Amino acid sequence: MNFEEIYQAYFHDVYLYTKSLVADKDIAEEVTQETFFKALKSFHQFDGKKDVRAWLFTIAKNTYFTQYKKQQREINIEENSAQKDVQLVDYLMNEERALMIHRFLHAMKEPYKEVFSLRTFGELSFEAIGHLFGKSDGWARVTYYRAKKKITAYMEAKQDEGY
């Protein structure tokens, strides 16, 4: 059996199995597509000793759990980031603290200073910032979060000093 025949014969079964793991049909479809992509990449290693359907179900299950773990990490990072954003906004709302942040920002090294300013004050997307620097949106996102982390750490240190 070639891979196209396997795809035609088992796509629906794998989709239903994936749908039993996750109720969201879009996620189930995405995991199913990823399953067949992984199966295609490793098809040369499939020796036929195991049932094809069981092999595909195993790939689907592992794909789903990998995606689920990644999503949970992203949610935790986003929640933590949202808390830091609120804290930073609180700092900026206070005129004296806002001036401290601007002083710190002015002394900050590039590209952190510019990326933070473009994102916070210019309200540019990470994609646009990355494009300006000739880098990826991932680079812009990481640079922004590092800058934000430096500013937050600075403000927390100042707060500990009694400011």
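Our subject in this report is the structure included herewith. Predicted model only: the values in this text are computed from it and were never measured.

## A closer look at the nonpolar core
Ranked by size, the top nonpolar core spans 14 residues in total, and within it Leu105, Met108, Phe116, Ile129, Tyr144, Ile151 and Met155 carry the most contacts. Of all the secondary-structure elements, those providing two or more residues to this core are helix H4 (95–107), helix H5 (112–120), helix H6 (126–133) and helix H7 (137–160). Among the elements that line this core, the one with the most residues is H7, at five residues. Residue contacts for Ile129: discarding those within four places in its chain leaves Val115, Leu118, Arg119, Leu124 and Ala140. Formed by twelve residues, the second largest nonpolar core is a distinct cluster that contains Tyr10, Val14, Phe36 and Phe46.

## Notes on the packing of H5 against H6
Interhelical geometry of H5 versus H6 gives an angle of 145° and a closest axis separation of 10 Å. As H5 packs across H6, the resulting crossing turns out to be right-handed. On the side of H5, the interface is formed by Glu114, Val115, Leu118 and Arg119, while H6 contributes Phe126, Ile129, Leu132 and Phe133. Residue composition of the contact of H5 with H6, by class: six nonpolar, no polar and two charged.

## Details of the packing of H6 against H7
It is at 7 Å that the axes of H6 and H7 come closest, and there the two elements cross at 100°. Classified by the angle between their axes, H6 and H7 sit roughly perpendicular to one another. Where H6 abuts H7, its residues Phe126, Glu127, Ile129, Gly130 and Phe133 lie against Asp137, Trp139, Ala140, Arg141, Tyr144 and Tyr145. Tallied by class, residues from the contact of H6 with H7 come to seven nonpolar, one polar and three charged.

Rules behind the numbers
- Residues numbered from 1 in each chain as written.
- Predicted model: local features only at pLDDT ≥ 70, side-chain atom pairs only at ≥ 80, totals over all residues.
- Heavy atoms only, no water.
- Core = buried A, V, L, I, M, F, W, Y, C linked by side-chain atoms within 4.5 Å.
- Buried < 20%, exposed > 50% of the residue type's maximum accessible area, 1.4 Å probe, protein only.
- Helix = DSSP H or I, 4+ residues; strand = E, 2+ residues; numbered from the N terminus.
- Contact = heavy atoms within 4.5 Å.
- Axes fitted to C-alpha atoms, helices over the stretch in contact; angles between N-to-C directions.
- Left-handed = near helix turned anticlockwise from the far one by under 90°.
- Nonpolar A, V, L, I, M, F, W, Y, C, P; charged D, E, K, R; others polar.
- Parallel < 35°, antiparallel > 145°, perpendicular 65-115°, else oblique.

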